[in-house]
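Chain by chain, the residues run as shown.
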Amino acid sequence: VQLQASGGGLVQAGDSLRLSCAASGHTFSNNGMGWFRQAPGKEREFVASINWSGGTTMYADSVKGRFTASRDNAKNTVYLQMNSLKPEDTAVYSCAATVAGFYSVTRSRYLYQYWGQGTQVTVSS
């Protein structure tokens, strides 16, 4: 089972990026999916979560209104559209899939069973 995040890069404040998280080895269409980030010297923090169908999402207050999570179950891929990026958004972004049988959204890292490699997002001022 592998989750691979991609799409990160170096951008300026106010720019946009779209992250993708492709899953292989397992179909996650029945799992909630999440995005987390970790900045240097800081703990991993919740960014966004999306339920199995894509009909429900949850966001951290710091990104609400700027970030949008979506998913394409046919492609076994989830996305994170990030607009109006700020320097404080600089971090390694990782995607995760919830434990089997958990279909909904959650900000709790303990309900995520599968974690992917991260992608670096750097926002310059």
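Below or above, wherever it landed, is the structure these notes cover. (Residues numbered from 1 in each chain as written. Predicted model: local features only at pLDDT ≥ 70, side-chain atom pairs only at ≥ 80, totals over all residues. Heavy atoms only, no water.)

## Some words on the packing of aromatic side chains
- This structure, assessed with the given rule, holds five aromatic pairs.
- Ring centres of F36 and F46 lie 5.7 Å apart, and the angle between their planes is 75°; this geometry places the pair in the edge-to-face category. Taken as a pair, F36 in strand β4 (residues 33-38) and F46 in strand β5 (residues 45-50) lie far apart in primary sequence, 10 residues in all.
- Seen in terms of ring centroids, F36 and Y112 are 5.1 Å apart; in terms of plane orientation they differ by 85°. Their pairing is edge-to-face. Of this pair, F36 sits in strand β4 while Y112 sits in strand β10 (residues 112-115), and the two are 76 residues apart along the sequence. (Phe/Tyr/Trp six-rings, centres within 6.5 Å; stacked < 30°, edge-to-face > 60°. Helix = DSSP H or I, 4+ residues; strand = E, 2+ residues; numbered from the N terminus.)

## What about the sheet that holds strand β7 (residues 67-72)?
- On the basis of which strands lie adjacent, the open sheet formed by four strands has the order β1-β3-β8-β7 and antiparallel pairing. The sheet is open, and its two edges are formed by β1 (2-6) and β7, each paired on a single side. Pairwise comparison of adjacent strand axes, ignoring direction, gives a mean angle of 15° for this sheet.
- Two elements, strand β3 (residues 17-24) and strand β8 (residues 77-82), share six bridges in a ladder whose sense is antiparallel. Directly across from C21, in β8, lies its bridge partner V78. (Pairing = 2+ DSSP bridges. Axes fitted to C-alpha atoms, helices over the stretch in contact; angles between N-to-C directions.)

## Some words on the layout of surface pockets
- The space that makes up the largest pocket amounts to roughly 150 Å³.
- Lining of the largest pocket is provided by R37, Q38, A39, K42, E43, E45, P87, E88, D89, T90 and A91.
- The residue inventory of the lining of the largest pocket, partitioned by class, reads three nonpolar, two polar and six charged. (1 Å grid on protein atoms, 1.4 Å probe; cavity = no way out; pocket = protein on both sides within 12 Å on 5 of 7 lines; lining within 4 Å. Points joined across faces, edges and corners; volume = space filled by probe spheres on them. Nonpolar A, V, L, I, M, F, W, Y, C, P; charged D, E, K, R; others polar.)

## A look at the nonpolar core
- Counting 33 residues, the largest nonpolar core has L3, W35, V47, F67, L80, M82 and Y93 as the members making the most contacts within it.
- Mapped by element, the contributors of at least two residues to this core are β1, β3, β4, β5, β7, β8, β9 (91-98) and β11 (119-124).
- Of all the elements, β9 adds the most residues to this core, at five residues.
- Look past the residues within four positions of M82 in its chain and what remains in contact with it is D15, S16, L17, L19, R66, F67, Y93 and V121. (Core = buried A, V, L, I, M, F, W, Y, C linked by side-chain atoms within 4.5 Å. Buried < 20%, exposed > 50% of the residue type's maximum accessible area, 1.4 Å probe, protein only. Contact = heavy atoms within 4.5 Å.)

## Focus on the state of the cysteines
- For the structure on display, the rule yields one disulfide.
- Put simply, C21 and C95 are joined by a disulfide, and their sulfur atoms are 1.9 Å apart. Its torsion about the S-S bond being 65°, the disulfide of C21 and C95 is classed as right-handed. Taken together, the positions of C21 in strand β3 and C95 in strand β9 put the pair 74 residues apart, joining distant regions of the chain.
- Judged by relative accessible area, C21 falls into the buried class, the value being 1%. (Disulfide = S-S within 2.5 Å.)

## Points about the environment of Y59
- Examined against the element boundaries, Y59 turns out to sit in strand β6 (residues 57-59).
- The exposure class assigned to Y59 is buried, which follows from its relative accessible area of 13%.
- When residues no more than four places from it in sequence are discounted, the contact partners of Y59 are F46, V47, A48, K64, F67, T68, A69 and R107.
- A distance of 2.9 Å separates a polar side-chain atom of Y59 from the backbone nitrogen of A69. (Polar contact = N/O pair within 3.5 Å; in protein donor to acceptor, adjacent residues only side chain to side chain.)

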